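# Chains, contacts and geometry: an overview
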Amino acid sequence: MNYLELCQRVARRAGVSGSHTAKPDTVVNQTGRMALVCEYVAEASREVETEWDDFTFMRREIDFQVAANLQSTDPAIIHSDIERINLTTLTVRDDQSRSPLTPVPWTEYRTQRVISIDTSDMLPTAFAIDNAGIIHFIPVSSRDFVLRAEVVLKPKELASDTDVPHVPSDYAWCIIHKARMMYYEEDEAWQLYEAAGRRYREWMDRLEDKFLPENSHGRTQTAETSMVMSCL
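Rules used in this analysis
- Residues numbered from 1 in each chain as written.
- Predicted model: local features only at pLDDT ≥ 70, side-chain atom pairs only at ≥ 80, totals over all residues.
- Heavy atoms only, no water.
- Helix = DSSP H or I, 4+ residues; strand = E, 2+ residues; numbered from the N terminus.
- Contact = heavy atoms within 4.5 Å.
- Axes fitted to C-alpha atoms, helices over the stretch in contact; angles between N-to-C directions.
- Parallel < 35°, antiparallel > 145°, perpendicular 65-115°, else oblique.
- Left-handed = near helix turned anticlockwise from the far one by under 90°.
- Nonpolar A, V, L, I, M, F, W, Y, C, P; charged D, E, K, R; others polar.
- Salt bridge = Lys/Arg side-chain N within 4 Å of Asp/Glu carboxyl O.
- Core = buried A, V, L, I, M, F, W, Y, C linked by side-chain atoms within 4.5 Å.
- Buried < 20%, exposed > 50% of the residue type's maximum accessible area, 1.4 Å probe, protein only.
- pLDDT = per-residue confidence, 0-100.
- Pairing = 2+ DSSP bridges.

### Let's talk about the environment of histidine 79
The residue histidine 79 is located in the loop between helix H3 (75–78) and strand E3 (82–85) in this model. Note: C-alpha distance between histidine 79 and alanine 195 (116 residues apart in sequence) is 39 Å. Setting aside residues up to four positions removed in sequence, histidine 79 forms contacts with Ile62, Asp63 and Phe64.

### Things to note about the packing of helix H5 (residues 173–187) against helix H6 (residues 190–211)
The description of two helices packed together rests on the angle between their axes and the distance between the axes. At their nearest, the axes of H5 and H6 sit 8 Å apart, and the two run at 160 degrees to each other. Looking at the two axes, H5 sits roughly antiparallel to H6. As for how H5 packs across H6, the hand of that crossing is left-handed. Across the interface between the two elements, Trp173, Cys174, His177, Lys178, Arg180, Met181, Tyr184 and Glu185 of H5 pack against Trp190, Leu192, Tyr193, Ala196, Gly197, Arg199, Tyr200, Trp203, Met204 and Leu207 of H6. Taken together, the residues of the contact of H5 with H6 break down into 12 nonpolar, 2 polar and 4 charged.

### Here's the deal with the pattern of salt bridges
For the coordinates displayed, the defined rule picks out 12 salt bridges. Here arginine 148 makes a salt bridge to aspartate 63, at a shortest N to O gap of 2.6 Å. Of this pair, arginine 148 sits in strand E11 (residues 145–153) while aspartate 63 sits in strand E1 (residues 59–66), placing them 85 residues apart in sequence.

### A short note on unusual backbone geometry
In this model, isoleucine 138 is joined to proline 139 through a cis peptide bond whose omega is -10 degrees. Mapping proline 139 onto the fold places it in the loop between strand E9 (135–138) and strand E10 (140–141). For glutamate 188, which is not glycine, the phi torsion reads 55 degrees and is therefore positive. Locating glutamate 188 in the fold gives a position in the loop between H5 and H6.

### Some points on the nonpolar core
Core analysis: the largest hydrophobic core is formed by 58 residues, its most contacted members being Val41, Phe55, Leu147 and Leu207. Among the secondary structure elements, those contributing two or more residues to this core are helix H1 (3–14), helix H2 (32–49), E1, E3, E9, E11, H5 and H6. Top contributing element to this core by residue count: H5, with 9 residues. With residues near it in sequence (within four places) discarded, leucine 147 still touches Ile62, Asp63, Phe64, Val66, Thr73, Leu90, Thr91, Val92, Leu101, Ile135 and Phe137.

### Here's the deal with the confidence of the model for the protein chain
For the protein chain, per-residue confidence averages 90 on the pLDDT scale, and 90% of positions sit at 70 or higher. For the protein chain, the element scoring lowest by mean pLDDT is H3, at 87; strand E4 (residues 91–93) scores highest, at 97. pLDDT under 50 marks residues 217–223. Its contacts with residues more than four places away, or in other chains, come to 15 contacts.

### Thoughts on the sheet that holds strand E2 (residues 72–73)
Read from one edge of the open sheet, 4 strands run E2-E9-E8-E6, paired in mixed fashion. Both edges of this open sheet fall to E2 and strand E6 (102–103), since each of them pairs with a single strand only. Here 2 bridges tie E2 to E9, and the two strands are oriented antiparallel to one another. Looking across to E9, one finds that threonine 73 is bridged to isoleucine 135. Along the sheet, helix H4 (residues 106–115) contacts strand E8 (126–129) and E9; its crossing angle with E9, the most-contacted strand, is approximately 65 degrees.

Next comes the structure, spelled out in structure tokens:
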């Protein structure tokens, strides 16, 4: 569902006046109750997408073209929707070779680069990321190459009718029920709030089971196996 469809679904479920006629008809310049619905849907989407740090649907593998002799690159300039980079996933490649990069702590490399910046006609073998998120290559390569990394995306900012959250569409009910909770909380309709909360939790459990790594036994982010109890 896109942003407008989510708002229409929330408005209809919450019984907002006029929602039976597919209102709102746009998310732009709404007022009153419809404006609240639009705000709650956008906020609920951000909250669902940031509920866990390791939701797999918030991850992407991205290639960055790096020019010869470039000392560093800022991923945010190329892809403004990047929240952070998984430091264990960086690799470099060109037509001749490919290899993983070893992370070096910025505090260590910052001192080293003041003295000298190593250069090579080979691909980089390591990297450091400074406090601004800029990637520094070690050594600086005289070749053009491709940097690949797994990144975590920023929460999607919903602003126009056709904007689509990162949350997979089959699980958009997480957003809908979370937005309903916010709507009922504003009205202090606590019974409806609790009912919407139960539905939200049901859908969030499904989302977590599907999109958290190694989470086959639910809501665990570690490699720990399920506890089995037996009575003799």
